[in-house]
Amino acid sequence: VNSNAFFTVPKDSEKDRGCCMEASGNIILQRPVGLSILRRYEKAYKVDQSTAQQLHQKLAREGSLTGKWATIDLSNASDTMARELVKLILPSEWYALLNSLRATHTRVGDRSIRLEKFSSMGNGFTFELETLLFRTLMEALGVVEGYAFGDDMIVPTEHAQDLIQALRFFGFTPNVNKTFCEGP
């Protein structure tokens, strides 16, 4: 199905988070692709994503105490993951597969809106694709020891500003309330 349906959920006491409800048939096909991305990511980067959240907590604490690590978080990452960036980063066969499974439009009420973003929260492979995309950007910048868990990134402090610039170049917005490049 080429469309998903827009809805919101409370993000916090002041604002809502936009989400999209994917067609159930799409999710049935998207989820195994997401798991395949995850398995390949874990093999390539020698990480276990089932413990990545705990690792990020440990490294964030260490960064706060020693200044060795910077933590970078993005605002609305999935909403700003552009089709062309995904096309640039993925091998053409993988891009074609993921593109064939994504919603190209969102229904908002009676309107159908063509999407420039590649996948929404609600898509069965968005989280894994974000993780891969952000780790790939780190690698392109020469970051050897960097960590991505969705849009939560941890890099050595000396690479933080370069990564932030690259993220901005590709249309992402660092969340200033959750990004720490120095100090506690």
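Cut-offs and rules
- Residues numbered from 1 in each chain as written.
- Predicted model: local features only at pLDDT ≥ 70, side-chain atom pairs only at ≥ 80, totals over all residues.
- Heavy atoms only, no water.
- Core = buried A, V, L, I, M, F, W, Y, C linked by side-chain atoms within 4.5 Å.
- Buried < 20%, exposed > 50% of the residue type's maximum accessible area, 1.4 Å probe, protein only.
- Helix = DSSP H or I, 4+ residues; strand = E, 2+ residues; numbered from the N terminus.
- Contact = heavy atoms within 4.5 Å.
- Axes fitted to C-alpha atoms, helices over the stretch in contact; angles between N-to-C directions.
- Parallel < 35°, antiparallel > 145°, perpendicular 65-115°, else oblique.
- Left-handed = near helix turned anticlockwise from the far one by under 90°.
- Pairing = 2+ DSSP bridges.

In terms of nonpolar packing, the biggest core is built from 32 residues, with Phe134, Met153 and Leu167 touching the most fellow members. Counting residues per element, the ones that place at least two in this core are helix 1 (24–45), strand 3 (69–72), helix 3 (83–89), helix 4 (92–101), helix 5 (126–140), strand 8 (152–156) and helix 6 (157–169). Sorting elements by how many residues they give to this core places helix 5 first, with six residues. Those residues in contact with leucine 167 that lie beyond four places of it in its chain are Ile72, Leu74, Phe134, Leu137, Met153 and Phe172.

For histidine 56, the position within the fold is in helix 2 (residues 52–66). Judged by relative accessible area, which is 10%, histidine 56 ranks as buried. If we skip the residues at most four places from it in the chain, histidine 56 touches Tyr147, Ala148, Phe149, Asp152, Met153 and Ile154.

It is worth spelling out the packing of helix 1 against helix 4 at this point. For the pair helix 1 and helix 4, the least separation of the axes is 9 Å and the interaxial angle reads 150°. Of the possible angle classes, the one that applies to helix 1 and helix 4 is roughly antiparallel. Every pair of crossing elements has a handedness; the one defined by helix 1 and helix 4 is left-handed. Contacts between helix 1 and helix 4 involve Asn26, Leu29, Gln30, Val33, Ser36, Ile37 and Arg40 from the former and Trp94, Leu97, Leu98 and Leu101 from the latter.

This part covers the sheet that holds strand 7 (residues 147–149). Across the sheet, which stays open at both edges, the three strands sit in the order 3-8-7 with antiparallel pairing between neighbours. The two strands at the open ends of the sheet, each matched to only one other strand, are strand 3 and strand 7. Geometrically, the sheet is characterised by an average inter-axis angle of 15° between neighbouring strands, direction not taken into account. For strand 7 and strand 8, the ladder comprises three bridges, and the chain directions are antiparallel. Each bridged residue has a counterpart across the sheet, and for alanine 148 the counterpart in strand 8 is methionine 153. Sitting on the sheet, helix 6 is in contact with strand 3 and strand 8, with an inclination near 135° to strand 8.

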